[in-house]
Amino acid sequence: MPAQQCADLYSFRVPIYIAERLEAGCISFQELVEESFRDIPHTRLKNRIDAVTTWKGLSRAALQRIADRHLEAYCPGWLAAVYLLASSEHLWKLAVSAITPGSIAFSKISLKGISTDDYPLFRAAKGLYNGSFLVSASELADKELVDDSVFRDILCAALIARYGKAVISLAKEAVQ
């Protein structure tokens, strides 16, 4: 997938200086979330994002599952999708054989027996990988459809799709 397609995933504005601060290591994960989603146009989704008082960063379990992959070489959309697939142990087991360096064969992932929490993760992963977002803002804003931990993982993946490996590096530094 072309890098330009990965970079142009969202229609809301994001201040340019965030990417520079992220690369320089001058921004916390909390600040990254607050500044990246500050101007999101969907009110209910914005309210849900604002209701999360503490952003701890990326899922430690997901980071451990993808630790052996050379993440710096891949498109941000691929990184975001792999992160989401790795954020659920069950989904990771279903998806790991469909993941190759720089490619994910979503058609080879069987969703038989998938949980209601894993389905939005799968849809968001597939969408981010393909350069579109398959989970709507209204769905993300609905706590009954998207559990809080899944919600945070999807937003973290959106940050990875937007800023790439720098988000993963920030998260790894915060864990250490």
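Source: prediction; values computed, not measured.

## Some thoughts on the packing of helix α6 (residues 76-86) against helix α8 (residues 118-130)
Now for step 1: In contact at an axis separation of 8 Å, α6 and α8 are set at 170° when each is read in the N-to-C sense. Put simply, α6 runs roughly antiparallel to α8. In contact with Gly77, Trp78, Ala80, Ala81, Leu84 and Leu85 of α6, α8 contributes Leu121, Phe122, Ala124, Ala125, Leu128 and Tyr129.
Now for step 2: Of the residues contributing to the contact of α6 with α8, the split by class is 11 nonpolar, one polar and no charged.

## A few points about the nonpolar core
Now for step 1: If you look at the biggest cluster of nonpolar residues, it comprises 58 residues, and the most contacted ones within it are Phe29, Leu32, Leu85 and Ile104.
Now for step 2: A total of 11 residues in this core trace back to one element, the largest contributor, which is helix α10 (residues 148-163).

## As for the environment of Tyr17
Now for step 1: With respect to the helices and strands, the residue Tyr17 is situated in helix α2 (residues 17-24).
Now for step 2: A residue is classified by how much of its surface remains accessible, and Tyr17, at 37% relative accessible area, is partly exposed.

## Some thoughts on the environment of Ile99
Now for step 1: On the secondary structure map, Ile99 appears in strand β1 (residues 99-100).
Now for step 2: The exposure class of Ile99 is buried, given its relative accessible area of 7%.
Now for step 3: Along the chain, Ile99 and Leu85 lie 14 residues apart, while their C-alpha atoms are 9.7 Å from each other.

## Here's the deal with the packing of α6 against α10
Now for step 1: Where α6 meets α10, the closest approach of the two axes is 7 Å, and the angle between their N-to-C directions is 160°. Relative to α10, the element α6 is oriented roughly antiparallel. When you trace α6 past α10, the crossing you get is right-handed. Contact residues: Pro76, Leu79, Ala80, Tyr83 and Leu84 in α6; Asp153, Ile154, Cys156, Ala157, Ile160 and Ala161 in α10.
Now for step 2: When grouped by side-chain class, the residues that make up the contact of α6 with α10 number 10 nonpolar, no polar and one charged.

## A look at helix α3 (residues 29-36)
Now for step 1: Within α3, six of the eight residues are buried, leaving the element largely enclosed by the surrounding structure.
Now for step 2: Among the residues of α3, those classed as buried are Phe29, Gln30, Leu32, Val33, Glu35 and Ser36.

## Things to note about the pattern of salt bridges
Now for step 1: This model, assessed by the stated rule, comprises five salt bridges.
Now for step 2: Across the pair Asp50 and Lys46 runs a salt bridge whose closest N-O atoms are separated by 2.8 Å. One end of the pair, Asp50, and the other, Lys46, are both in helix α4 (residues 43-51), four residues apart, so they sit about a helical turn from each other.
Now for step 3: Residue classification places Lys46 among the buried positions, given a relative accessible area of 18%.
Now for step 4: Note that Lys93 and Glu89 form a salt bridge whose closest N and O atoms lie 3.5 Å from each other. Residue Lys93 and its partner Glu89 are both found in helix α7 (residues 89-95); the two are separated by four residues, about one turn of the helix.
Now for step 5: Overall, Glu89 belongs to the partly exposed group, its relative accessible area being 48%.
Now for step 6: A cluster of three or more residues bridged by salt bridges with shared partners is formed by Arg21, Glu31 and Glu35.

Reading guide: rules and limits
Residues numbered from 1 in each chain as written. Predicted model: local features only at pLDDT ≥ 70, side-chain atom pairs only at ≥ 80, totals over all residues. Heavy atoms only, no water. Axes fitted to C-alpha atoms, helices over the stretch in contact; angles between N-to-C directions. Helix = DSSP H or I, 4+ residues; strand = E, 2+ residues; numbered from the N terminus. Parallel < 35°, antiparallel > 145°, perpendicular 65-115°, else oblique. Contact = heavy atoms within 4.5 Å. Nonpolar A, V, L, I, M, F, W, Y, C, P; charged D, E, K, R; others polar. Core = buried A, V, L, I, M, F, W, Y, C linked by side-chain atoms within 4.5 Å. Buried < 20%, exposed > 50% of the residue type's maximum accessible area, 1.4 Å probe, protein only. Left-handed = near helix turned anticlockwise from the far one by under 90°. Salt bridge = Lys/Arg side-chain N within 4 Å of Asp/Glu carboxyl O.

No statement about biological role is implied by the geometric values presented.
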